[in-house]
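The primary structure of each chain is shown beneath.
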Amino acid sequence: MKKKYIIIGILIIGIAVLYLIPITKGDFFEKYNKNDDVSQLLKEFYKKPTKTISVNGLDWTYYTSGKGSNTILFIHGMGGAYDLWWQQLALFEKDYKVISFSLPDAITNLEDTRKGIEGILANEDVNRFNVVGTSMGGYIAQYLVKTMPNRVKKAVFGNTFPPNDEIAKENQTKNNIIPLLPEILIGYFRDKSLKEKLLPAANNNPVLTAFLPSLPFTKKQFINRYYVVIDPFTINPNSSLIKQIPKLIIESDNDPLISLNLQKELKELYPNAEVFTFHNEGHFPYINAADAYNQTLKQFFDNTNMP
């Protein structure tokens, strides 16, 4: 009997320890051993300082640079941070003021996201701005178009989805289970998804393979950002202010995270938007096809008349 209790005690301690193990963060420069332009660009980027402001008790860390009269706000996806735009920021800070932030882990909805963004814009004395968002960031960009249409000059919705109930329905079971799992197990499933789905869709691009595991990732972040992704809202693209905003939709024909149905619904929601489709580049073309992505953005911003 005593031996039984000892075994149970050991199991309990083992499970408790399992819940305390954090997800390990990779090092891009250890995994990506090329000393090429991409690597050097990232090294130089990390030497540049970030800023931090407090909005409603939460710290928002962001990067800003450039001296142009026009501002571009870059918004990352669910698993990202401010630095995943390094290849875009390096290009556009030459002619634009650029801003890229990391969404605080405690944020769980679109409205608190908007308030934080407004705080950053106010801190940088920016009134009107362009916005580029990818995945979750593209969803947030649509919310900014809805709630701040008089301030958005141009909007880019990259590898993203329109307001919908498809994502919540498909992930309902996972949403109930994930909060019960230890963080290390969630990290395991993330790595499994990277290896089996996300990286193969991008032809196992070495830059992407090294960079994605280097991003900060926690259980709290994963759960709360999912709530942002499924936070519902409606938008009327035919309202006069929203309709006059030039829009660009960037998509991939083999995006493993955005269904073809949601891609179709996004284009139907914004029928006047320009559309650029990447072929076989997956969910992160701004990283693994950065030159083409940058050229697409540059053409849109340079050639579209300002409203």
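These remarks concern the structure in this document. None of these values were measured; they are calculated from a predicted model. (Residues numbered from 1 in each chain as written. Predicted model: local features only at pLDDT ≥ 70, side-chain atom pairs only at ≥ 80, totals over all residues. Heavy atoms only, no water.)

So, about the sheet that holds strand β6 (residues 152–158). A sheet is described by the order of its strands in space; here 8 strands give the open sequence β1-β2-β4-β3-β5-β6-β7-β8, paired in mixed fashion. If you trace the sheet from one side to the other, it starts and ends with β1 (51–55) and β8 (274–278), each paired once. On average, adjacent strands in this sheet sit at an angle of 20° to one another, irrespective of strand direction. Taken together, the 4 bridges between strand β3 (residues 71–75) and strand β4 (residues 97–102) define a ladder with parallel strand orientation. Across the sheet, Leu73 pairs through a bridge with Ile99, a residue of β4. The strands touched by helix α15 (residues 290–303) within the sheet are β3, β5 (129–134), β6, β7 (247–252) and β8, with β6 carrying the most contacts at an inclination of about 155°. (Pairing = 2+ DSSP bridges. Helix = DSSP H or I, 4+ residues; strand = E, 2+ residues; numbered from the N terminus. Axes fitted to C-alpha atoms, helices over the stretch in contact; angles between N-to-C directions. Contact = heavy atoms within 4.5 Å.)

A word on helix α3 (residues 37–46). Every buried residue of α3 is accounted for by Val38, Ser39, Leu42 and Phe45. One side of α3 carries all its buried residues, which in axial view fall inside an arc of 125°. The inward-facing, buried residues of α3 abut α2 (28–31), β2 (58–65), α4 (86–92) and α10 (206–211). (Buried < 20%, exposed > 50% of the residue type's maximum accessible area, 1.4 Å probe, protein only. Arc of directions from axis to C-beta.)

What follows is about the nonpolar core. Ranked by size, the top nonpolar core spans 43 residues in total, and within it Leu73, Phe101, Phe129, Val131 and Leu144 carry the most contacts. Here this core gets 7 residues from one element, more than from any other, and that element is helix α6 (residues 136–147). In contact with Val131, other than residues within four places in its own chain, are Leu73, Ile75, Ala141, Leu144, Val152, Lys154, Ala155 and Val156. Membership of the second largest hydrophobic core comes to 39 residues, among which are Trp86, Leu198, Leu248 and Tyr293. (Core = buried A, V, L, I, M, F, W, Y, C linked by side-chain atoms within 4.5 Å.)

Shape is all these values report; function is a separate question.
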